[in-house]
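Notes for the structure review
Spelled out from the first residue to the last, the chains are:
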Amino acid sequence: MRKTKIKRIEELNDKYLILNEKEMKFLRKCLKSRKQDVRWTAAEILVGWYTPENERLLYNLTYDKAELVCVDATDSLCIGRTRRSLSRLRDLMADKRSRVRGYAVLSFFQVWVNCFSWNERSMKAYLRFAETMESEEKKTWVRLFYEKNKIQARGKKGFEKLFYILEHSSDYYVKASAIQIAKDMRSIFNQEEINAGLEKAIDSLEYEYQKEDIKKYIQTKEPIKILLLDQENSGVTQLLEYMGEEETDMYVRSAGLQPSGKIEKWVLDILLKEDDITRYQCSSPIEELCKYDYLVPIGIHLDEKAYPFQRIYTGYQDFDKKQVSREEAKEMICQIEADLEKKSESFTVS
């Protein structure tokens, strides 16, 4: 019976669809299962898309006595958007279990950004808070996640301590985590610095597969990452996101300042996916703000001071069409890619 439940959960996760009420009822039941592997498998699926109910379910699950369940719930609570979740993660950052503390540190920062945005004022406040918490942490593996957050709080700058830890730690798990953090932090603007730091650390690694992985990785080119923004994220930006994934080499997501929670019928008709809408295609609020190199406003104007760590592409900020064809969307997103590649090249040269 347990395997059957887990298989059903994994099937839902593999499809990555918006769950209907029957599926959500099944998932809520799994979250209360007596079997911890059922509970933590169910928790993993909730991170895929935000709803207030999903945040509440994950919040409650962080009180689970099973460590693996608590770790998964803590990790998935990164989608949270409330001070209640921040408070809970703050408590978990002092948990006696190091794995729980580590994932709480990571999620706390993401929820902080969801609550207060990624700007200079909020990051200064975060750094003051983190300094106090980090001073009480003794485990290097957990301190590494504080370092990741501090790098993001500085606008993905200042990698010296991260690479020092990578070169000088004798702990395999610390080294592996440091490598992954460096990869997570790489962008089109800092990839040369990241590549150089990883290359320098190769000789300090014990395992050949890690060395080969880094050698291959630094030969790859980081994609431009953009977040398309409009007011509701129900129409044009939805189609642009889809076409961006289909027609460009960029990493493309979309969001709304005041998301409607639905996708307009004309978009569904174009995509022919009315019964197969993924969670990523659902009208959504801004998430993972730190991930993107460029913000691309569509039909709205953004205050650059509110987004100091990204560049704003303004080519379509005065766009006033409510609907576009598939070909128009393709032309728009390809134009954005061409313009941003030119901007990025000029940045690298300078």
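Note that the coordinates shown come from a computational prediction; the quantities given were computed from them, not determined experimentally.

1. Considerations on helix H8 (residues 120-134)
Taking 1.5 Å per residue, 15 residues should reach 21 Å; H8 reaches 20 Å between its end C-alpha atoms and fits that length. Within H8 the residues assigned to the buried category are Ser122, Met123, Tyr126, Ala130, Met133 and Glu134. Viewed along the axis of H8, the buried residues span an arc of 90°, placing them on a single side of the element. What points out from H8, more than 90 degrees from its buried face, is the exposed set Arg121, Lys124, Arg128 and Glu131. Tucked inside the fold, the buried residues of H8 contact helix H6 (83-92), helix H7 (98-116), helix H9 (140-153) and helix H10 (160-168). Looking at where H8 begins, the residue whose side-chain oxygen comes 3.3 Å from the main-chain nitrogen of arginine 121 is asparagine 119.

2. Topic: the side chain of serine 169
Along the chain, the position of serine 169 falls in the loop between H10 and helix H11 (172-185). Within polar-contact distance, the side chain of serine 169 engages the backbone nitrogen of aspartate 171 at 3.1 Å. Excluding anything up to four places from it in sequence, serine 169 contacts Val174 and Lys175.

3. Side note on the packing of aromatic side chains
The tally for this structure, following the rule as stated, stands at 21 aromatic pairs. By the ring-pair criterion, three or more aromatic residues cluster together here, those being Phe108, Phe109, Trp112, Phe116, Tyr126 and Phe129. Arginine 84 extends its terminal NZ or CZ atom over the ring of tyrosine 59, reaching a point 3.6 Å from the ring centre.

4. A few points about a positive patch on the surface
A cluster of like positive charges, contributed by Arg8, Lys22, Lys25 and Lys29, occupies part of the molecular surface. A per-element tally of the positive patch places helix H2 (residues 21-30) first, with three residues. Position of lysine 29 relative to the elements: it lies in helix H2. For lysine 29, a relative accessible area of 56% corresponds to the exposed category.

5. Notes on the state of the cysteines
Counting across every chain of the model gives zero disulfides. The structure places no disulfide on cysteine 30, whose sulfur is separated from the nearest cysteine sulfur, that of cysteine 70, by 19 Å. The thiol of cysteine 78 is unpaired, and the distance to the nearest cysteine sulfur, on cysteine 290, comes to 12 Å. Taking relative accessible area as the criterion, cysteine 78 reaches 13% and is therefore assigned buried.

6. Considerations on the sheet that holds strand E2 (residues 251-256)
The strands making up a sheet associate through backbone hydrogen bonding, with each pair oriented either parallel or antiparallel. Strand order in the open sheet formed by four strands is E2-E1-E3-E4, with parallel pairing between adjacent strands. Only two strands of the sheet have a single partner each, and these edge strands are E2 and strand E4 (311-312). Alignment of strand E1 (residues 225-230) against E2, held across six bridges, turns out to be parallel. Residue pairing across strands places leucine 227 opposite arginine 253, the latter belonging to E2.

7. Notes on the packing of H8 against H9
Taken N-terminus to C-terminus, the directions of H8 and H9 make an angle of 165°; their axes are 10 Å apart at the nearest point. Comparing their axes, H9 and H8 come out roughly antiparallel. Classified by chirality, the crossing of H9 by H8 is left-handed. Contacts from Met123, Tyr126, Leu127, Ala130, Met133 and Glu134 of H8 reach H9 at Arg143, Tyr146, Asn149, Lys150 and Ala153. Of the residues in the contact of H8 with H9, the class split is seven nonpolar, one polar and three charged.

8. Thoughts on the packing of H9 against H11
Viewed as axis vectors pointing N to C, H9 and H11 meet at an angle of 10°, and their least axial separation amounts to 10 Å. Taken together, the axes of H9 and H11 are roughly parallel relative to one another. Handedness of the crossing formed by H9 with H11: right-handed. When H9 is examined against H11, the residues Thr140, Trp141, Leu144, Phe145, Lys148, Ile151 and Gln152 are found in contact with a partner set consisting of Tyr173, Val174, Ser177, Ala178, Ile181, Asp184 and Met185. Here the contact of H9 with H11 is built from residues that sort into nine nonpolar, three polar and two charged.

9. Focus: the pairing of strand E3 (residues 294-297)
Side chains Tyr294 and Val296 of E3 all project onto a buried face; the interleaved residues Leu295 and Pro297 project onto the opposite face, where all are buried too. Judged from the two bridges that link them, E3 and E4 form a sheet pairing that is parallel. Residue pairing in the sheet places tyrosine 294 in a bridge with arginine 311 of E4.

Thresholds applied
Just so you know, the residues in each chain are numbered from 1, in the order the chain's sequence is written. Reporting of local features is limited, given that this is a predicted model, to residues whose pLDDT is at least 70; pairs of side-chain atoms are given and counted only at 80 or more, and all residues count toward the totals for whole chains, interfaces and linings. Values shown for side chains rest on all heavy atoms present in the structure; no hydrogens or waters enter the calculation. Helical segments are the DSSP runs of H or I of at least four residues, strand segments are the runs of E of at least two, and each set is numbered from the N terminus. Here the expected length of a helix is defined as 1.5 Å per residue gap, with one fewer gap than residues. Summary of the burial criterion: residues with accessible area below 20% of their type's maximum are buried, those above 50% are exposed, and those between are partly exposed, where the area comes from a 1.4 Å probe applied to protein chains only. When we speak of the arc, we mean the arc of directions from the helix axis to the C-beta atoms. Any two residues having at least one pair of non-hydrogen atoms within 4.5 Å are treated as being in contact. Here a polar contact is recorded for every N or O atom pair within 3.5 Å, except that within protein the pair must consist of a potential hydrogen donor and a potential acceptor, and residues adjacent in sequence are included only if both atoms are side-chain atoms. Only Phe, Tyr and Trp rings are paired, with Trp represented by its six-membered ring, and only when their centres lie within 6.5 Å; those with planes under 30 degrees apart are stacked, over 60 edge-to-face, the remainder tilted. Both a distance and an angle decide whether a charge sits over a ring: NZ of Lys or CZ of Arg must be within 6 Å of the ring centre and within 35 degrees of the ring normal. Patches in this entry comprise residues that are over 30% relatively accessible and not in a salt bridge; like charges within 9 Å are linked, as are nonpolar side chains (Val, Leu, Ile, Met, Phe, Trp, Tyr) within 5 Å. Per-residue and other accessible areas were derived by the Shrake-Rupley procedure at a 1.4 Å probe size, with only the shown protein chains allowed to occlude residues. Just to be clear on terms, a salt bridge is a Lys or Arg side-chain nitrogen sitting within 4 Å of an Asp or Glu carboxyl oxygen. Counted as positive: Lys and Arg. Counted as negative: Asp and Glu. His and the chain ends are not counted at all. Lys charges are placed at NZ, Arg charges at CZ, Asp charges at CG and Glu charges at CD. Count a disulfide wherever a pair of cysteine sulfur atoms falls within 2.5 Å. In short, DSSP must find at least two bridges between two strands for them to pair. Whenever a helix is involved, its axis is fitted only over the stretch in contact; in every case the axis is a line through C-alpha atoms, and angles between N-to-C directions fall within 0 to 180 degrees. Comment on the angle field: the value is read as roughly parallel under 35 degrees, roughly antiparallel over 145, roughly perpendicular from 65 to 115, and oblique elsewhere. Left-handed describes a crossing whose near helix is turned anticlockwise from the far helix by less than a right angle; the clockwise case is right-handed. Throughout this entry, Asp, Glu, Lys and Arg are counted as charged residues, while Ala, Val, Leu, Ile, Met, Phe, Trp, Tyr, Cys and Pro are counted as nonpolar. The remaining residues, Gly among them, count as polar.

Structural measurements only, silent on function.
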